[in-house]
Amino acid sequence: MIFEQLSAGGCKSYLVGCAETSAAALIDPEIGLIDRYLGLAARNGLRIHYLIDTHTHADHFSATRELARQLRAPVAMHRMSPTPFVDLRLDDGDMLLVGKLRLQVLHTPGHTRDSMCLRIGDRICTGDTLLIGATGRTDLPSGDPEALHDSLFNHLLRLDPALLVFPAHDYHGRVHSTIGEEIASNPRLQVRERAPFCEMMRNLNLGMPSHLTEALRSNMNGAKTVAQMLAEAGAAVPFMSLLELKTRVENRAPELIVLDVREREAYEQGHVPGAKLLPRGQLELRVNQDLPDPTRRIVVYCELRRISTLATATLRELGFQRAVALDGGFKAWREAGFALQSGCEP
Ligand SMILES: [Fe+2]
């Protein structure tokens, strides 16, 4: 078995492959690691057959849908998943065949209603049901302390104590544990009775994960994240360096349109000399009158580079094939001490 654990922040994902047949599955992939998963699969000579989420994640962005599209492989989740784009809905006791490997599904609700663990030979990927020295929280949507108690004490913890535990999170850099070690030393599992366990889980008073609503929106509806939109726009446009623009401004390069897509107030306080104002919000509405020549070279800037990247992608879609974004925003221009102009447009 080829078994690779990848970490992004505290989130862990797993590439599980059959060395004999080159078939593989990816468990809990994270959107920021797509290139690494594909690179790792290629390096190990693996073809990914399944993209599996152990549950609907509320704290990070799942890459299952995007990878499913790229790899033409199915997204597999527990049948209770609220996500409409799941191709393969799994039930307790189901098995996925990955070459000669067997991935066995255990439905373990509690952290979420659709939580499952995957047993693979001598190990088990426990998702957020059982973590090293902790358990998944039960205060996020569809969480249920009673269900978690049942999943842990009546199912998971009754498995072979030697089974290796690979969780979906760890914030202390630990790689794995075993069922036996968790039974012996996991503080939350020392509270074995149902009522006190639920009482403890209800009173953890954890802060809400950052990006909660965006993560649920993205993971449940397959919506793009803001970071994805920016990355896609960034991949679709070329950039111009600050120094290049400075030189061109100093030489008053006549063919170049410098486009400021910030709001009027910011523009009037200070802008790149000779820049034209066209706020991002009005771009599509004013493009025909303000930018009549689609063959002109246009460099777009905003305060921090993000809005200008989106605006440049829009301009390219509108047929301005020589539109580029400034690598750096007006903030960087200002901080570099380059020339400024203030006031209204000429
Ligand atoms: Fe989770």
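None of these values were measured; they are calculated from a predicted model.

Thresholds applied
- Residues numbered from 1 in each chain as written.
- Predicted model: local features only at pLDDT ≥ 70, side-chain atom pairs only at ≥ 80, totals over all residues.
- Heavy atoms only, no water.
- Helix = DSSP H or I, 4+ residues; strand = E, 2+ residues; numbered from the N terminus.
- Rg over C-alpha atoms; globule rule 2.2 N^0.38 Å.
- Buried < 20%, exposed > 50% of the residue type's maximum accessible area, 1.4 Å probe, protein only.
- Areas by Shrake-Rupley, 256 points an atom, 1.4 Å probe, with all protein chains shown as cover.
- Donors = N, O, S within 2.8 Å, 3.2 Å for Na, K, Ca; no water.
- Pairing = 2+ DSSP bridges.
- Core = buried A, V, L, I, M, F, W, Y, C linked by side-chain atoms within 4.5 Å.
- Axes fitted to C-alpha atoms, helices over the stretch in contact; angles between N-to-C directions.
- Parallel < 35°, antiparallel > 145°, perpendicular 65-115°, else oblique.
- Left-handed = near helix turned anticlockwise from the far one by under 90°.
- Contact = heavy atoms within 4.5 Å.
- Nonpolar A, V, L, I, M, F, W, Y, C, P; charged D, E, K, R; others polar.
- Salt bridge = Lys/Arg side-chain N within 4 Å of Asp/Glu carboxyl O.
- Phe/Tyr/Trp six-rings, centres within 6.5 Å; stacked < 30°, edge-to-face > 60°.
- Lys NZ or Arg CZ within 6 Å of the ring centre and 35° of its normal.

Let's talk about the overall build of the protein
Secondary structure assignment for the protein yields 12 helices and 19 strands. Here the protein has a C-alpha radius of gyration of 26 Å; the compact-globule value for 346 residues is 20 Å, and the former is much larger. On the principal axes, the C-alpha backbone points of the protein span a range of 75 × 45 × 35 Å. A burial count over the protein gives 51% of its 346 residues as buried. Here the protein has roughly 16200 Å² of accessible surface; of this, 50% comes from carbon and sulfur atoms.

Thoughts on the coordination of the iron ion
Those protein atoms acting as donors to the iron ion are His55 (NE2), His111 (NE2) and Asp128 (OD), and they sit at 2.0 to 2.4 Å. Here the donor residues for the iron ion map to a single chain with the spacing H-x55-H-x16-D. Taken together, the residues His111 in the loop between β8 (101–107) and β9 (116–120) and Asp128 in the loop between β10 (123–127) and β11 (130–131) connect sequence positions 17 residues apart. Asp128 carries the same exposure label as His111, and that label is buried.

Description of the sheet that holds strand β14 (residues 177–178)
Strand order in this open sheet of six strands is β7-β8-β9-β10-β13-β14, and the pairing throughout is mixed. Only two strands of the sheet have a single neighbouring strand rather than two, namely β7 (95–98) and β14. Pairing of β7 with β8 involves four bridges; the strand directions are antiparallel. Note that in β8 the partner of Leu97 across the bridge is Arg102.

Describing the nonpolar core
In this structure, Leu15, Leu26, Tyr37, Leu46, Ile48, Leu51 and Leu67 are the most contacted members of the largest nonpolar core, which totals 24 residues. Of all elements in the fold, only β1 (2–8), β3 (23–27), α1 (34–43), β4 (47–52), α2 (64–71) and β5 (75–78) reach the threshold of two or more residues within this core. It is α1 that provides the largest number of residues to this core, a total of four residues. Core analysis: the second largest hydrophobic core is formed by 22 residues, Tyr50, Ala76, Leu96 and Leu164 among them.

Points about the packing of helix α10 (residues 283–290) against helix α11 (residues 306–317)
As a packed pair, α10 and α11 sit with axes 11 Å apart at the nearest point and diverge in direction by 55 degrees. As judged from the angle between their axes, α10 and α11 are oblique. The two elements α10 and α11 meet at a crossing, and its hand is right-handed. Where α10 abuts α11, its residues Leu283, Glu284 and Val287 lie against Ala311, Thr314 and Leu315. Partitioned by chemical class, the residues of the contact of α10 with α11 number four nonpolar, one polar and one charged.

A short note on the pattern of salt bridges
Across all of its chains, the model carries 20 salt bridges by this definition. Across the pair Glu20 and Lys100 runs a salt bridge whose closest N-O atoms are separated by 2.7 Å. Residue Glu20 is found in the loop between β2 (11–17) and β3, and its partner Lys100 is found in the loop between β7 and β8; the two are separated by 80 residues along the sequence. When sorted by exposure, Glu20 lands in the same class as Lys100, which is exposed. With a closest N to O distance of 2.7 Å, Asp139 and Arg137 form a salt bridge. What makes Asp139 partly exposed here is its relative accessible area of 38%. We classify Arg137 as buried; its relative accessible area is 15%. Members of the salt-bridge network, linked through shared partners, are Asp260, Arg262, Glu303 and Arg334.

Notes on the packing of aromatic side chains
Under the definition given, this model contains six aromatic pairs. Ring plane angle 35 degrees and centroid distance 5.4 Å describe the contact between Phe3 and Tyr14, whose orientation is recorded as tilted. Placement of Phe3 in strand β1 and of Tyr14 in strand β2 is noted, with a sequence separation of 11 residues between them. Seen in terms of ring centroids, Tyr14 and Phe166 are 5.8 Å apart; in terms of plane orientation they differ by 80 degrees. Their pairing is edge-to-face. In this pair, Tyr14 is assigned in strand β2 and Phe166 in strand β13 (residues 164–167), connecting sequence segments 152 residues apart. Taken together, the ring pairs connect Phe3, Tyr14 and Phe166 into an aromatic cluster. Geometry around Phe3 places Arg123 over its ring, the cationic atom sitting 4.5 Å from the centre.

Let's talk about the sheet that holds strand β17 (residues 276–277)
The strand order β15-β19-β18-β16-β17 describes an open sheet built from five strands, whose pairing is parallel. Of all strands in the sheet, those with a lone pairing partner are β15 (239–241) and β17, marking the two edges. When strand β16 (residues 256–260) meets strand β18 (residues 297–301), the two strands line up parallel, connected through five bridges. Its bridge partner being in β18, Ile257 is matched across the sheet by Ile298. Running over the sheet, helix α8 (residues 242–250) touches β15, β16, β18 and β19 (323–327) and is turned about 70 degrees from β15.

Comments concerning the environment of Asn205
You can see Asn205 is positioned in the loop between α5 (194–202) and α6 (212–221). Asn205 gets classed as exposed once you look at its relative accessible area, which sits at 69%.

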